[in-house]
Amino acid sequence: MDKEDKAVLPTEEATSGAEGQRKGRRTSSRESNRRMMEDRPKEQSDWEEKIIQVRRVTKVVKGGKKLSFRAVVAVGNGKGQVGIGVGKAAEVIGAIQKGVVDAKKSLVNVPMVGTTIPHTIVGTQGASRVMLRPASKGTGIIAGGATRAILELAGVGDVLAKSLGSRAPLNVARGTIDGLSRLRTFEEASRLRGINLRQMLS
């Protein structure tokens, strides 16, 4: 009987050891996959995002009201490109993601002279008007709300801005984008007028 018991015990230990090795292999493979994912170099994107507004909106449907969220998001790379987008979804995160995608579809190029804009301009959208004026170096961004977020993402360092009329964040943001999209450098203006730069500045 003792011999049989001795013969049985090693087999049980062997089976338990084999199961432990299998579990160990599974955990080690999972850990190695996690480490590989963590060790991968993350893609550094030049684009920055700023949330201008998140609102809860309702839509009247048959049987009640449907709740959803609307996010106004601005996207820019700090190198003269900026855009604004609107996203709607049942969750806030989904609305923000849709807004980012929409913003990247409507990017505008902002011409700059040093760290400021070339000339004064007034952007309009609905009842909102946004006045943008160039400023001397070291002034910084004198603006507030949606206008400030968009100018920072565009990479403008010195500018004076004032919101005129309606102060609805979406209209102010679109008015700012309208003004930035209509900016022209001196070279572009002289080319459109058909004169050289020296004649235009004289």
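Starting afresh in each chain, residues are numbered from 1 along the sequence in its written order. Local features in this predicted model are restricted to residues whose pLDDT is 70 or higher, and side-chain atom pairs enter the listing and the counts only when it is 80 or higher, whereas totals over whole chains, interfaces and linings include all residues. Derived side-chain values reflect all non-hydrogen atoms in the structure, with water molecules and hydrogen atoms excluded from consideration.

As for the sheet that holds strand 6 (residues 128-134)
Using the following cut-off: Strands are labelled as partners when DSSP assigns at least two bridges between them. Strands here mean DSSP runs of E at least two residues long; helices mean DSSP runs of H or I at least four residues long; both are numbered from the N terminus. Any two residues whose heavy atoms approach within 4.5 Å at even a single point are treated as in contact. Angles run from 0 to 180 degrees between N-to-C directions of axes, and those axes are lines fitted to C-alpha atoms, restricted for helices to the stretch in contact.
Spatial ordering of the open sheet is given by 5-6-8-7, a layout of four strands whose pairing is mixed. Single-partner strands in this sheet number two, and they are strand 5 (121-125) and strand 7 (141-142). Taken together, the five bridges between strand 5 and strand 6 define a ladder with antiparallel strand orientation. Counterpart to G123 in the pairing with strand 6 is V130. Running at roughly 135° to strand 5, helix 4 (residues 169-181) makes contact with strand 5, strand 6 and strand 8 (159-165) of the sheet.

Considering the pattern of salt bridges
Here is the rule: Any Lys or Arg side-chain nitrogen located within 4 Å of an Asp or Glu carboxyl oxygen qualifies as a salt bridge. Note on exposure labels: buried denotes an accessible area under 20% of the residue type's maximum, exposed denotes more than 50%, and partly exposed covers the range between, all computed with a 1.4 Å probe on protein chains only.
Taken as a whole, this structure holds four salt bridges when the rule is applied. Of the charged contacts, one joins D46 and K79 as a salt bridge, the two residues approaching to 3.8 Å between their closest N and O atoms. In this pair, D46 is assigned in the loop between helix 1 (2-39) and strand 1 (48-61) and K79 in the loop between strand 2 (64-76) and strand 3 (81-89), connecting sequence segments 33 residues apart. According to the relative accessible area criterion, D46 is partly exposed, its value standing at 48%. Put simply, D178 and R182 hold a salt bridge, and the shortest N to O gap is 3.3 Å. On the accessibility criterion, D178 (23% relative accessible area) is partly exposed. Because the salt bridges share partners, they merge into one network encompassing K50, R148 and E152.

Interpretation note: all reported values are geometric properties and have no functional meaning in isolation.
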